[in-house]
Amino acid sequence: MIVFLTPELVCDSCENGLNHRYIFVENGRVHISYHKKVGGFWQVFYRMKDSNWYPEERVTITSADAKYPSILVFRDSVFLVWHDYRVGGISNIEIFFNAKGIFDTSWNLETRLTYTNSGGPGDNGYLPTIKENGGKIFVVWYDYRDDPTSNRAQIYLKVRDSIWGSDIRISNSPANAWYPAFDFRGDTLFVFWADNRNSYYNIYGNWGFGDQRITDVSTAYPDVANSSGKLLLVYVNSSISPPNISAKIYDGSWSSQFNVRSSSRSQSDPTVISDGRGGWILAWSEDFGGDRDIFGVRLNSFGIITDSFRVAMPGNQSRPSLFIDEMGYIHLAFMDYTNPTAPKLYYTLSSQPLSLMESYFQKVEKKKVSIKGRKLDLGGYSVSGRKIP
């Protein structure tokens, strides 16, 4: 059994967790992002811990909501992306970015990433996730710019090398595509999302060959992680009653679907990360007789459980986010909704490192990242497009 230390309170009356990655760890430092209300508006905040927690830093100062930041730490800098209501309220939500050196005291690189500006109801971009690969920064989100009046979203991508490139549409759904997750395999970008083009939600993906249907039962909220060249795709399977977490493994072709850990209790909010040894660590929220706790497992390269953990607290915990550091310690952040009007964000750490960690874990490699079999266009940033609801 993997044992975790007593959870530490990071912030009170704050929130995050719909886009999987809101914790990052490097060189013994823990970085967490979240949003909390100031003067009636949600604002983006950031907090760091080494031996102790530093005071929280306010990243946005606006008279409109700014929510659900995703975090990346790379080359001694902290990068955040979030969706922001300042341009036109609920009728025009845009994706914003900011960055600073780890020990800098100010956030002074704020950049508006999307310029959708159509003004139509429901025309918004939501829940960006940020990752790095091959020295480039990738941001993926879902966006209603193409069909705002019908509330049909598509998945979009933006890449930064020396400058930000143009918005790239990833999905081509005739219905609604949302809640994307992505990772890399070799030089190829894999993006997955929930899509209801078949009247109920399935998981779809694109890694260079157009939209591919991955599941044929009711499924949603995917996450994905590459470990030694294999992708593990996890998601909520609501064709099971109660819903459980199911998965597929990709190693050039897809495995059959399997339940990660079959349970008579409801499971939700799956997230996954490589364990650095060809397997994965998963976490999710599970209903234990009225209270929801964070439960998780370690899987080997065949998808077989080799260890497990449970972070048990009174009340309702959900929306976990995982990171494994270079020493093999598991870092876990999660939300506590015991008081839904004043949620709390907690952080904890495994008491022991995972065994047999590989030295190349989370090592930066220079790669050409492609989709549709070609290099991504990293030309100048285009302001074409339309607004977000």
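Residues numbered from 1 in each chain as written. Predicted model: local features only at pLDDT ≥ 70, side-chain atom pairs only at ≥ 80, totals over all residues. Heavy atoms only, no water.

**Comments concerning the state of the cysteines**
For the structure on display, the rule yields one disulfide. Disulfide partner of Cys11: Cys14, at an S-S distance of 1.8 Å. Between Cys11 and Cys14 the disulfide shows an S-S torsion of about 80°. By sign, it is right-handed. The same class applies to Cys11 and to Cys14, which are both buried. (Disulfide = S-S within 2.5 Å. Buried < 20%, exposed > 50% of the residue type's maximum accessible area, 1.4 Å probe, protein only.)

**Notes on the layout of surface pockets**
One water molecule sets the probe size; rolling that probe over the atoms shows where empty space is left. Its boundaries defined by the atoms lining it, the second largest pocket holds a volume of some 220 Å³. Forming the boundary of the second largest pocket are 15 residues, of which Gly17, Leu18, His20, Tyr221 and Asp269 lie nearest the centre. For the lining of the second largest pocket, the elements supplying multiple residues, two or more each, are β15 (177-185), β19 (219-227), β23 (267-274) and β27 (317-324). Partitioning the lining of the second largest pocket into residue classes produces eight nonpolar, five polar and two charged. (1 Å grid on protein atoms, 1.4 Å probe; cavity = no way out; pocket = protein on both sides within 12 Å on 5 of 7 lines; lining within 4 Å. Points joined across faces, edges and corners; volume = space filled by probe spheres on them. Helix = DSSP H or I, 4+ residues; strand = E, 2+ residues; numbered from the N terminus. Nonpolar A, V, L, I, M, F, W, Y, C, P; charged D, E, K, R; others polar.)

**Comments concerning the side chain of Glu132**
Mapped onto the fold, Glu132 is located in strand β11 (residues 125-133). At 3.4 Å, the side chain of Glu132 forms a polar contact with the backbone nitrogen of Gly134. Of the polar contacts made by the side chain of Glu132, one reaches the backbone nitrogen of Gly135; its length is 2.8 Å. (Polar contact = N/O pair within 3.5 Å; in protein donor to acceptor, adjacent residues only side chain to side chain.)

**Considering the confidence of the model for the protein**
Here the protein averages 90 in pLDDT, and 89% of its residues register 70 or above. Residue range residues 357-389 is modelled with pLDDT below 50. Its contacts to residues more than four positions away, or to other chains, number 126 contacts. (pLDDT = per-residue confidence, 0-100. Contact = heavy atoms within 4.5 Å.)

**Examining the pairing of strand β7 (residues 66-74)**
Of all nine residues in β7, nine are buried; the element is thus mostly enclosed. In terms of strand pairing, β7 meets strand β8 (residues 77-84) through seven bridges, oriented antiparallel. Bridging from a neighbouring strand, Lys67 pairs with His83 of β8. (Pairing = 2+ DSSP bridges.)

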